[in-house]
Amino acid sequence: ETGVTQTPRHLVMGMTNKKSLKCEQHLGHNAMYWYKQSAKKPLELMFVYNFKEQTENNSVPSRFSPECPNSSHLFLHLHTLQPEDSALYLCASSQEAGDTGELFFGEGSRLTVL
Amino acid sequence: RKEVEQDPGPFNVPEGATVAFNCTYSNSASQSFFWYRQDCRKEPKLLMSVYSSGNEDGRFTAQLNRASQYISLLIRDSKLSDSATYLCVVNNYQLIWGAGTKLIIKP
């Protein structure tokens, strides 16, 4: 059983909808990440939070808005998305951002934008 | 040139065979290296770190060649359960991911 849980697992939304992805980690880690995974492409880092502070925003469009209320929870708020935003969104955690330890991933939220 | 490059495959290999694949990286200052495994429709999971001296974990052996800037993964006596996509990851103060090599083990 994964120590990182993501909800919802699947989401279909129209371009004008507003939705949120949720991630929770039960590992006592201090860093949390959002990644985007598109078919046959490398994982793309979107955001990094370390001790609740955003330390990385990888030039992500403003239609993606992250929120990290505490070290255990991470949200990704979505609004006015485009069809090319359809992908698997993976949340991950690690002991601290920038360390060379293991990343622990959730099972992902598969997003389809119509 | 991509920062981290992998042959996408798929590699179709009979059960029991040995299979190896490489990953090349462009930044010679890269500090650490990893192999992750991703099963179909699942999340990536760390398979092993890659050390300068090479390292082995059961049937899996990872090697680093800094001069030629590549890392390799060797799987001996392959099992059906080894079927997955293997992701190469390079740490340049930020983790840079390859797109993965798909491995299919056939009975």
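What you are looking at is a predicted structure, and each value in this text was computed from that prediction instead of being measured. (Residues numbered from 1 in each chain as written. Chains lettered and ligands numbered in written order. Predicted model: local features only at pLDDT ≥ 70, side-chain atom pairs only at ≥ 80, totals over all residues. Heavy atoms only, no water.)

K.L.:
What is the right way to read the interface of chain A and chain B from this model?
P.N.:
Note: interface size is frequently given as the accessible area lost on complex formation between the parts. Between chain A and chain B, the residue contacts involve 18 residues of the former and 16 residues of the latter. Counting each side, the surface lost to burial between chain A and chain B is near 1400 Å², with a carbon and sulfur contribution of 52%. Applying the counting rule to chain A against chain B returns one salt bridge. One salt bridge in this structure joins Lys42 of chain B and Glu107 of chain A, with 2.9 Å as the shortest N-O distance. Applying the counting rule to chain A against chain B returns five residue pairs in polar contact (both at pLDDT 80 or more). Looking at the side of chain A that touches chain B, its residues break down into seven nonpolar, five polar and six charged. (Contact = heavy atoms within 4.5 Å. Buried area = accessible area lost by both parts, 1.4 Å probe. Salt bridge = Lys/Arg side-chain N within 4 Å of Asp/Glu carboxyl O. Polar contact = N/O pair within 3.5 Å; in protein donor to acceptor, adjacent residues only side chain to side chain. Nonpolar A, V, L, I, M, F, W, Y, C, P; charged D, E, K, R; others polar.)

K.L.:
Hey, could you run me through unusual backbone geometry in this one?
P.N.:
Phi is mostly negative for residues that are not glycine, and the peptide bonds are mostly trans. The peptide bond linking Thr7 of chain A to Pro8 of chain A adopts the cis configuration, its omega dihedral lying at -10 degrees. Of note, the amide linkage connecting Gly9 of chain B to Pro10 of chain B takes the cis form, showing an omega dihedral of 5 degrees. Along the chain, Pro10 of chain B falls in the loop between β1 (4–6) and β2 (11–14). Despite not being glycine, Lys40 of chain A has its phi angle at roughly 60 degrees, a positive value. In this model, Thr80 of chain A sits at a positive phi of 45 degrees, which is unusual for a non-glycine residue. Tracing the sequence through the fold places Thr80 of chain A in the loop between β8 (73–79) and β9 (87–94). Thr80 of chain A gets classed as partly exposed once you look at its relative accessible area, which sits at 41%. (Helix = DSSP H or I, 4+ residues; strand = E, 2+ residues; numbered from the N terminus. Buried < 20%, exposed > 50% of the residue type's maximum accessible area, 1.4 Å probe, protein only.)

K.L.:
Help me understand the pairing of strand β9 (residues 84–91) of chain B, please; the structure alone is not making it clear to me.
P.N.:
Regular strands place their side chains on alternate faces of the sheet. Residues and elements named next belong to chain B. Counting buried residues along β9, seven of its eight residues qualify, which places the element largely inside the surrounding structure. Strand direction decides the pairing type here: strand β4 (residues 32–38) and β9, joined by seven bridges, are antiparallel. Along β9, the bridge assignment pairs Ser32 with Asn91. Between β9 and strand β10 (residues 95–97), which pair antiparallel and follow one another directly, the connecting turn spans three residues, one of which, Tyr93, has a positive phi of 70 degrees. (Pairing = 2+ DSSP bridges.)

K.L.:
How do you make sense of the confidence of the model for chain A when you look at a structure like this?
P.N.:
The predicted coordinates of low-pLDDT regions are not to be read in fine detail. When the pLDDT values of chain A are averaged, the result is 93; 96% of them are 70 or greater. Put simply, strand β6 (residues 53–57) of chain A is where chain A has its lowest mean pLDDT, 87, and strand β1 (residues 4–7) of chain A is where it has its highest, 98. (pLDDT = per-residue confidence, 0-100.)

K.L.:
What's the story with the sheet that holds strand β3 (residues 19–25) of chain B in this structure? I'm lost.
P.N.:
Hydrogen bonding along the main chain pairs the strands of a sheet, whether they run parallel or antiparallel. Residues and elements named next belong to chain B. Taken in spatial order, the five strands of this open sheet run β1-β3-β8-β7-β6, and their pairing is antiparallel. In this open sheet, the two strands that pair with only one neighbour each are β1 and β6 (55–57). With direction set aside, neighbouring strand axes in the sheet form an average angle of 20 degrees. (Axes fitted to C-alpha atoms, helices over the stretch in contact; angles between N-to-C directions.)

K.L.:
Just to check I follow, could you spell out the pairing of β3 of chain B for this structure?
P.N.:
All names here are of chain B. With burial as the criterion, only one face of β3 is covered, namely that bearing Val19, Phe21, Cys23 and Tyr25; the residues Ala20, Asn22 and Thr24 on the opposite face remain uncovered. Pairing of β3 with strand β8 (residues 70–75), which is carried by six bridges, proceeds in the antiparallel orientation. Bridge pairing in β8 links Thr24 to Tyr70.

K.L.:
So what exactly am I meant to see when it comes to the state of the cysteines here?
P.N.:
Linking two cysteines covalently through their sulfur atoms gives a disulfide. Throughout the structure, instances matching the rule amount to two disulfides over all chains. Across the disulfide from Cys23 of chain A sits Cys91 of chain A; the S-S distance is 1.9 Å. Linking Cys23 of chain A and Cys91 of chain A, the disulfide has an S-S dihedral of approximately -75 degrees and is accordingly described as left-handed. With a gap of 68 residues between them, Cys23 of chain A in strand β3 (residues 18–25) and Cys91 of chain A in strand β9 connect regions that are remote in the sequence. Residue Cys23 of chain A shares its accessibility class with Cys91 of chain A, and that shared class is buried. Here Cys23 of chain B is linked by a disulfide to Cys88 of chain B, with a sulfur-sulfur distance of 1.9 Å. Across the S-S bond linking Cys23 of chain B and Cys88 of chain B, the dihedral sits near -70 degrees, which makes this disulfide left-handed. Residue Cys23 of chain B is found in strand β3, and its partner Cys88 of chain B is found in strand β9; the two are separated by 65 residues along the sequence. By relative accessible area, which is 0% here, Cys23 of chain B ends up buried. You can call Cys88 of chain B buried: its relative accessible area is 0%. (Disulfide = S-S within 2.5 Å.)

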